[in-house]
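A closer look at the structure
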Amino acid sequence: MMQTLTIERRAAVAHVRLNRPDVRNAFTGTVVGELTETFRDLGVDATLRAIVLGGHGKAFCAGADLTWMRAMADYTWEQNRADAQRLADMLYTIYSCPLPVIGRIHGDCYAGGVGLAAVCDVLVATARANFCLSEARLGLLPATIGPYVVRALGEQASRRYFVTAERFDALTAQRLGFVHEVCAEDALDAKVDEITALIVANGPAAVKACKQLVKDVAGVPITEALRAETARRIADVRASDEGRGGVQSFLDRRAPNWLP
């Protein structure tokens with residue numbers, strides 16, 4: 001049983017939600033540990049095709065819990081380093097999850113919450129969601145979340161929002177390419193369900209391979225070695241049972257056998 005999360009399975013999709021609504025789903029060491037464990041386990045579950053990550057209550061995630069922050073004020077350098085490493089490991093576990101992760105964003109998405117959003121593959125936010133990389137206000141920096149936020153938000157926008165610590169809304173986040181879809185509050189779940197249905201309709205092995213392909217080729221020079229590697233990957237997929245079956249079902253004008 002999880003203390004800080006709820007996990008619900010709906011057919012081939014797992015819905016994971018932060019469950020500390022009284023503190024706007026702020027991080028603690030327990031939250032970090034449970035997210036790490038949950039995504040490590042769900043990522044290797046062959047019955048799943050996608051994961052939705054959201055939060056209960058009025059906010060997605062407001063960053064670090066104040067009680068946790070007070071405790072950290074007395075940490076030694078070694079303790080701070082170990083604590084930050086656990087957060088870094090949690091973010092990487094979600095980022096490297098083989099299954100697509102859809103972020104369901106509403107309310108406040110601040111500091112570490114922005115990092116949590118940045119490791120998702122698709123972000124759907126309500127029009128009233130707000131984002132803020134607030135660390136500099138406290139004399140800190142968004143170090144562990146930085147690699148993911150810069151990739152998702154973009155270098156130029158990160159230059160601004162890291163140093164100003166100002167809030168920006170969902171439409172701004174969408175314009176910058178951070179958020180994919182913005183919708184009304186009461187349409188959030190329907191939009192998330194629409195996107196997960198699109199994912200589930202695709203070949204499960206192909207979806208995982210597509211997700212990995214983006215990570216492997218983004219920002220990489222298009223060398224002879226890369227061209228050879230991408231040719232190898234498509235040959236592998238074409239020769240696989242899923243690839244052969246998918247193409248044949250298309251030619252035969254019938255549904256592929258991976259559909260539930």
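Everything below is about the structure printed above this text.
1. Considering the pattern of salt bridges
Opposite charge on two side chains permits pairing when their charged atoms draw close. Counted by the stated rule, this structure contains 16 salt bridges. Of the charged contacts in the structure, one is a salt bridge between Asp-216 and Arg-233, with a shortest N-O distance of 2.7 Å. Pair noted here: Asp-216 is in helix α9 (residues 204–217) and Arg-233 is in helix α10 (residues 224–239), with a separation of 17 residues, a long-range link. Residue classification places Asp-216 among the partly exposed residues on the basis of a relative accessible area of 29%. When the shortest N-O distance is used, the salt bridge between Asp-252 and Arg-254 registers 3.5 Å. When its relative accessible area of 40% is taken as the criterion, Asp-252 is described as partly exposed.

2. Some details on the nonpolar core
Ranked by internal contacts, the top residues of the largest apolar core, which has 48 residues, are Leu-35, Phe-131 and Phe-178. Here this core gets 5 residues from one element, more than from any other, and that element is helix α1 (residues 29–42). Core analysis: the second largest hydrophobic core is formed by 13 residues, Val-13, Val-124, Leu-188 and Ile-195 among them.

3. Thoughts on a nonpolar patch on the surface
Residues Val-247, Phe-250 and Leu-251 make up a contiguous nonpolar surface patch of about 360 Å² in total accessible area. When its relative accessible area of 66% is taken as the criterion, Phe-250 is described as exposed.

4. Some details on helix α5 (residues 146–153)
Considered for burial, the residues of α5 that qualify are Gly-146, Tyr-148, Val-149 and Leu-153. One face of α5 carries all of its buried residues, which in axial projection span an arc of 160 degrees. Looking one or two residues beyond α5, the residue adopting positive phi is Gly-154, at roughly 105 degrees.

Conventions adopted
- Residues numbered from 1 in each chain as written.
- Predicted model: local features only at pLDDT ≥ 70, side-chain atom pairs only at ≥ 80, totals over all residues.
- Heavy atoms only, no water.
- Salt bridge = Lys/Arg side-chain N within 4 Å of Asp/Glu carboxyl O.
- Helix = DSSP H or I, 4+ residues; strand = E, 2+ residues; numbered from the N terminus.
- Buried < 20%, exposed > 50% of the residue type's maximum accessible area, 1.4 Å probe, protein only.
- Core = buried A, V, L, I, M, F, W, Y, C linked by side-chain atoms within 4.5 Å.
- Patch = residues over 30% accessible without salt bridge, like charges linked within 9 Å, V, L, I, M, F, W, Y side chains within 5 Å.
- Areas by Shrake-Rupley, 256 points an atom, 1.4 Å probe, with all protein chains shown as cover.
- Arc of directions from axis to C-beta.

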